[in-house]
Amino acid sequence: MYLSEDCGAVYVREKGELRYVSADKNDAPQHRLFNRDFSFQLCIDTLPSASHTKRRDHFIFTYNKEGSLRYSVKSLFDISLQFIADHIEHVESLVGFPEQMADKLFSAAEERHKFTEPQTAPRALQVFCEAYGELVLKSLCLRNRSLLIPERLEEIRQFQSLECLDLYGCRLGDNHEVFKYITSEALASLVKLFMGANCLSDAGLQRLTAPVRVMKKGLENLQLLDLSENHITEKGLGYLTCFKALQKLDISRTNVTVNASLKGFFRMKMRMVLSETPLKEFGHSDCNTEGWAEQVINQWEITASEVPKKDSKPRTNALRFYGREKFVRETLNSWSGTSATTNKDKVVPVHFYTVDLCGPSSTAEHNTHASAHKGKKRRLSEEEQSSTPVAKRQSFSALSAEDLDLLNSY
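Residues numbered from 1 in each chain as written. Predicted model: local features only at pLDDT ≥ 70, side-chain atom pairs only at ≥ 80, totals over all residues. Heavy atoms only, no water.

Our next topic: the overall build of the protein. Helices and strands together make up the secondary structure of the protein, namely 16 helices and eleven strands. Looking at the protein as a whole, 37% of its 410 residues are labelled buried. For the protein, contacts bridging at least 24 residues in sequence account for 73% of all contacts bridging at least 6. Here the protein has roughly 25,900 Å² of accessible surface; of this, 52% comes from carbon and sulfur atoms. (Helix = DSSP H or I, 4+ residues; strand = E, 2+ residues; numbered from the N terminus. Buried < 20%, exposed > 50% of the residue type's maximum accessible area, 1.4 Å probe, protein only. Contact = heavy atoms within 4.5 Å. Areas by Shrake-Rupley, 256 points an atom, 1.4 Å probe, with all protein chains shown as cover.)

Below is the structure:
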């Protein structure tokens with residue numbers, strides 16, 4: 001082999017060993033492949049996983065003052081935290097695990113998309129919810145997210161310590177699967193429930209109250225209920241008497257007629273009176289998603305919004321062909337939410353709240369009405385008697401065949 005003077009050091013690998021090529025072996029330069037400050041370690045993952053290609057290394061890359069690349073090993077706590085987060089769906093339980101470490105573990109699992117992938121999300125959320133309850137999620141707001149509920153229903157069922165649930169505008173109907181979750185013992189801690197604009201009828205109220213009326217389980221601690229913009233009648237309101245802790249109720253824009261008979265029913269059976277001013281609790285300003293899983297819910301919504309929508313061009317061409325495009329647009333605008341919001345301000349809200357009928361204020365109010373008009377008192381007593389059949393229907397319906405069929409479905 002010819003070696004010129006301009007050529008540097010030449011090495012040859014023979015039989016697995018690196019040898020310096022030179023005429024004089026004593027002239028072999030003492031070159032180092034790496035600088036003295038350079039060090040590295042080879043880590044081999046012995047446990048294969050599906051996300052092996054996405055696994056992060058256990059080293060931190062930094063540069064020293066001279067510009068050389070330095071490798072520093074992460075702490076044992078960080079390495080262990082990453083390993084548990086990568087396999088969180090296989091963890092049996094986190095009960096007794098410190099909350100400070102669990103918060104970091106939840107963030108690490110969130111970075112690895114463990115709560116967004118359908119294969120791992122239900123089990124991963126279940127592990128955290130069983131151990132930390134309301135810390136994971138205390139309040140859940142799914143207002144006007146009708147597409148998100150059926151897609152993430154299995155994950156939503158894992159939240160079993162909610163105190164506030166907002167399902168306004170989700171168009172659930174009377175037979176949606178989410179009713180089994182709402183009326184189960186998992187939501188016994190629920191205090192606020194917003195079910196407005198969900199196409200509910202009297203049958204939906206019967207299904208919502210069946211476990212409480214018959215088995216004394218479910219929403220027995222409910223204090224605030226929003227039933228606005230639903231197709232409920234006076235008959236369906238009789239089912240609400242099972243909510244002994246109910247303090248505030250919204251039945252605005254329903255098929256219920258506000259008259260003296262309705263006021264007497266709420267006053268005698270539920271100890272509630274009509275509010276002269278709108279209650280701020282039904283403004284949906286205080287209901288927000290709170291807990292560790294707040295960003296998880298937002299990520300679900302972003303993923304759901306990325307689903308491609310169907311092209312409406314063929315239908316548009318058909319409407320133009322038949323010359324009915326203007327008529328259909330006007331009809332859709334009359335049914336749209338924009339027209340509903342403009343008419344919302346014109347409708348007087350119907351809010352009821354509880355009062356202490358045995359208090360001094362109620363006694364003074366009773367004496368004032370009694371001394372003013374005795375004939376009016378007789379009229380009110382007759383109207384209250386006319387409202388008693390509603391309560392009787394409710395008591396008889398507590399053990400009806402329909403209720404038994406509903407209970408068998410849970």
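Before going further, it helps to examine the sheet that holds strand E11 (residues 351–354). Taken together, seven strands build an open sheet; the order of strands is E5-E6-E7-E8-E9-E11-E10 and the sheet is mixed. Looking at strand neighbours, the two that pair on one side only are strand E5 (139–141) and strand E10 (272–274), the edges of this open sheet. Averaged over all pairs of adjacent strands, the angle between strand axes in this sheet comes to 10 degrees, irrespective of strand direction. Of the strand pairs in this sheet, strand E9 (residues 248–250) and E11 are connected by three bridges, and their pairing is antiparallel. (Pairing = 2+ DSSP bridges. Axes fitted to C-alpha atoms, helices over the stretch in contact; angles between N-to-C directions.)

Remark: helix H1 (residues 76–86) packs on helix H2 (residues 99–111), axes separated minimally by 9 Å, with the N-to-C direction vectors making an angle of 55 degrees. With respect to H2, the element H1 is oriented oblique. Note that H1 runs across H2; the crossing there is right-handed. Residues Phe77, Leu81, Ile84 and Ala85 of H1 touch H2, and the partners they reach there are Met101, Lys104, Leu105, Ala108 and Ala109. The residue makeup of the contact of H1 with H2, split by class, is eight nonpolar, no polar and one charged. (Parallel < 35°, antiparallel > 145°, perpendicular 65-115°, else oblique. Left-handed = near helix turned anticlockwise from the far one by under 90°. Nonpolar A, V, L, I, M, F, W, Y, C, P; charged D, E, K, R; others polar.)

Moving on: the pattern of salt bridges. For the coordinates displayed, the defined rule picks out nine salt bridges. A salt bridge links Glu155 to Arg152; its shortest N-O distance comes to 3.2 Å. Classification of Arg152 by relative accessible area gives buried; the value is 5%. Among the charged side chains, a salt-bridge network with shared partners connects Glu154, Arg157 and Glu177. (Salt bridge = Lys/Arg side-chain N within 4 Å of Asp/Glu carboxyl O.)

The pairing of E10 with E11 spans three bridges and is classified as antiparallel. Residue pairing for E11: Leu274 is matched across the bridge by Phe352.

Phi at His113 is positive, roughly 60 degrees, even though this residue is not glycine. Judged by its relative accessible area of 43%, His113 is partly exposed. With a phi angle near 55 degrees, Arg171 is a residue other than glycine that sits in the positive phi range. Among the secondary structure elements, Arg171 is positioned in the loop between strand E6 (164–166) and helix H6 (178–182).

Let us now look at the packing of aromatic side chains. One pass over the structure, following the stated rule, counts eight aromatic pairs. Centroid distance Phe265 to Phe266: 5.5 Å. Interplanar angle 70 degrees. Geometry classified as edge-to-face. Comparing Phe265 with Phe266, the two get one shared label, buried. Each member of the aromatic cluster is reached from another via a ring pair, and the members are Phe106, Phe115, Phe128, Tyr132 and Trp292. (Phe/Tyr/Trp six-rings, centres within 6.5 Å; stacked < 30°, edge-to-face > 60°.)

Mean pLDDT over the protein works out to 77, with 63% of the residues at or above the 70 mark. A low-confidence stretch, residues 44–55 stays under pLDDT 50, and its non-local contacts, those more than four residues away or across chains, total five contacts. Scored below 50 in pLDDT, residues 334–345 makes six contacts in the model with residues more than four places away or belonging to other chains. (pLDDT = per-residue confidence, 0-100.)

Below, the discussion takes up helix H9 (residues 260–269). Leu262, Gly264, Phe265 and Phe266 are the residues of H9 that are buried. A distance of 3.3 Å separates the backbone nitrogen of Ser261 from a side-chain oxygen at the start of H9, and that oxygen is part of Asn259. Just past H9, the residue Arg271 takes up positive phi, approximately 55 degrees. (Polar contact = N/O pair within 3.5 Å; in protein donor to acceptor, adjacent residues only side chain to side chain.)

With that settled, consider H1. Buried within H1 we find Leu81, Gln82, Ala85 and Asp86. Along the axis of H1, the buried positions cluster into a sector of 130 degrees, meaning they face one direction only. At its buried positions, H1 is contacted by H2. (Arc of directions from axis to C-beta.)

The next subject is the environment of Gln82. With respect to the helices, strands and loops of the structure, Gln82 is situated in helix H1. By relative accessible area, Gln82 is classed as buried at 12%. Measuring from C-alpha to C-alpha, the distance between Gln82 and Lys104 comes to 10.0 Å, with 22 residues separating the pair along the chain.

What follows concerns the nonpolar core. Phe128, Phe159, Ile182, Leu249, Ile251 and Phe266 are the most contacted members of the largest nonpolar core, which has 70 residues in total. In terms of residue count, helix H3 (residues 121–132) provides more of this core than any other element does, six residues in total. Setting aside residues up to four positions removed in sequence, Phe128 forms contacts with Ile88, Leu94, Ala102, Leu105, Phe106, Phe115, Gly133, Val136 and Trp292. (Core = buried A, V, L, I, M, F, W, Y, C linked by side-chain atoms within 4.5 Å.)

Before going further, it helps to examine the environment of Phe179. Locating Phe179 in the fold gives a position in helix H6. The spacing of Phe179 and Leu208 is 29 residues in sequence and 6.8 Å in space, taken between C-alpha atoms.

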